[in-house]
Amino acid sequence: MWCLAAVTILSAAFLYFSWKHGYTLYYGDAAAHVNIARRIIDGRSPGYEQLGTVWLPLPHALMAPLVRYESLWRTGLGGAVPAAVFFVLGAAFLYAAVRHATASRAAAVTAAAAFALNPNLLYLQATPMTEPIFLGCFTAAVYCCVRFQATARLRYALGAGFAILAATLTRYDGWFVLPFFALFFVLARSWKGAVLFLAVAALGPLYWLGHNLYIYSDPLEFYRGHYSALSIYQRGLQRGYARHPGDHDLATAWSYYRQALELAMGRPLVWAAAGGMALALVRKTTRPLALLALPLPFYVLSIHSGGTPLFVPSLYPHSYYNTRYALALLPACAAAAGVLTALLPRSGLRA
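Because the structure is predicted, anything quoted here is derived from the model rather than measured. (Residues numbered from 1 in each chain as written. Predicted model: local features only at pLDDT ≥ 70, side-chain atom pairs only at ≥ 80, totals over all residues. Heavy atoms only, no water.)

1. Describing the pattern of salt bridges
For step 1, the next point in the chain: As enumerated under the stated definition, the model contains 11 salt bridges in all.
For step 2, the next point in the chain: One salt bridge connects R38 with E70, and the closest N-O pair in it is separated by 3.0 Å. With R38 in helix 2 (residues 28–41) and E70 in helix 4 (residues 70–75), this residue pair connects regions lying 32 residues apart in the sequence.
For step 3, the next point in the chain: By sharing partners, the salt bridges in this structure join D29, E131, R171, D173 and R324 into a single network. (Salt bridge = Lys/Arg side-chain N within 4 Å of Asp/Glu carboxyl O. Helix = DSSP H or I, 4+ residues; strand = E, 2+ residues; numbered from the N terminus.)

Listed below in structure tokens is the structure:
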């Protein structure tokens, strides 16, 4: 409980700092998110259609009740509050997942601290961005898998289903990880768990495909429509812009993402995480924590496909762009640090 209280205070402090200094809407995407949420309830043609197509709906639905108030909309605070809440939930679920997986309080504290004290995530959770919301849902799903591994209770499969359902309605990362979570229940020899999980989690993608079909007459409008990332990238190429170096070059795509990881989390944590994740796979109780590494192939393959450009200052064109995508691996790195901590000699913090 004290860990949850500490993270809540930390989140509120950075939320206040960002708001006080006018940093809440520094990102162009942050301003766009609060404006979409506002248009749902206020504008020339408010209503459901304002959810749009490319960005998934859950963050805007969470922001809408708050941004109806003028001051919370103009400052962006109404959009930042949901991100901050899910940041706290993410730290709490990560703590609980590592604590149950390792039976070590020291490991859990290490994981929660590595997650919650990351300055890049602390800033993002104080803005109307979607990453903290996704991380909160993602860690909740992994916690449920850890508990299912230990108890085989179907309620945890159901909990994982609802968590991934929310993740699929927040970021497309959730669509990628969904089948791997289903595979987890299959490998755990629980077909009932797999079916129950899929029955809930798959509702997110099915709903969004239906939404795009109903509003835009194309279920894949979000992927190939005029405002999609792929379409924007293709229009840039037609104007003479250079292709991303990682476009259809897997090794280069990995190089860009690896360097983004080191920028976002620091090289020591990234390299320690590789060993920690390898160790997590050895023990049955910690094996579900490996699910936290799923965003790694998602983003490397996304860069490889050309639809997700990411730039780092050490590589051409020597700039910053979308480096925040590396934070999707922060829970994995933090959990891996916790697994390594669990190997240390028993201390007063160890359960």
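2. Topic: the side chain of N118
For step 1, the next point in the chain: Following the sequence through the fold, N118 ends up in the loop between helix 6 (105–116) and helix 7 (119–124).
For step 2, the next point in the chain: We classify N118 as buried; its relative accessible area is 6%.
For step 3, the next point in the chain: Here N120 takes part through its backbone nitrogen, which lies 3.0 Å from a polar atom of the side chain of N118.
For step 4, the next point in the chain: There is a polar contact of 3.0 Å between the side chain of N118 and the backbone oxygen of A264.
For step 5, the next point in the chain: Every residue in contact with N118, bar those within four places of it in the chain, is listed here: A264, M265, L327 and L330. (Buried < 20%, exposed > 50% of the residue type's maximum accessible area, 1.4 Å probe, protein only. Polar contact = N/O pair within 3.5 Å; in protein donor to acceptor, adjacent residues only side chain to side chain. Contact = heavy atoms within 4.5 Å.)

3. Remarks on the state of the cysteines
Here, the word disulfide means a covalent bond between the sulfur atoms of two cysteines.
For step 1, the next point in the chain: Under the defined criterion, the tally for this structure stands at zero disulfides.
For step 2, the next point in the chain: The thiol sulfur of C3 is not disulfide-bonded, and the nearest other cysteine sulfur, from C144, lies at 18 Å.
For step 3, the next point in the chain: In this model C144 remains outside any disulfide bridge; the closest cysteine sulfur is found in C145, 7.0 Å from its own.
For step 4, the next point in the chain: Take C144: its relative accessible area is 10%, and that puts it in the buried class. (Disulfide = S-S within 2.5 Å.)

4. Structural notes on the packing of aromatic side chains
The description of an aromatic ring pair uses the distance of the two centres, along with the angle that the planes make with each other.
For step 1, the next point in the chain: Within the structure shown, the criterion is met by 22 aromatic pairs.
For step 2, the next point in the chain: Taking the centre distance of 6.0 Å and the plane angle of 50° together, the rings of Y207 and W208 count as tilted.
For step 3, the next point in the chain: Lying across the ring of Y69, R68 places its NZ or CZ 5.8 Å from the centre.
For step 4, the next point in the chain: The ring of Y27 has R324 lying over it, and the distance from NZ or CZ to the ring centre is 5.2 Å. (Phe/Tyr/Trp six-rings, centres within 6.5 Å; stacked < 30°, edge-to-face > 60°. Lys NZ or Arg CZ within 6 Å of the ring centre and 35° of its normal.)

5. What about the nonpolar core?
For step 1, the next point in the chain: Ranked by internal contacts, the top residues of the largest apolar core, which has 86 residues, are F115, F181, F185, F197, Y257, M265 and L289.
For step 2, the next point in the chain: The element that contributes the greatest number of residues to this core is helix 8 (residues 131–151), accounting for 13 residues.
For step 3, the next point in the chain: Setting aside its immediate chain neighbours within four residues, F197 contacts A157, A160, G161, I164, L178, F181, A182 and F185.
For step 4, the next point in the chain: In this structure, L15, L77, A80 and A126 belong to the second largest nonpolar core, which totals five residues. (Core = buried A, V, L, I, M, F, W, Y, C linked by side-chain atoms within 4.5 Å.)

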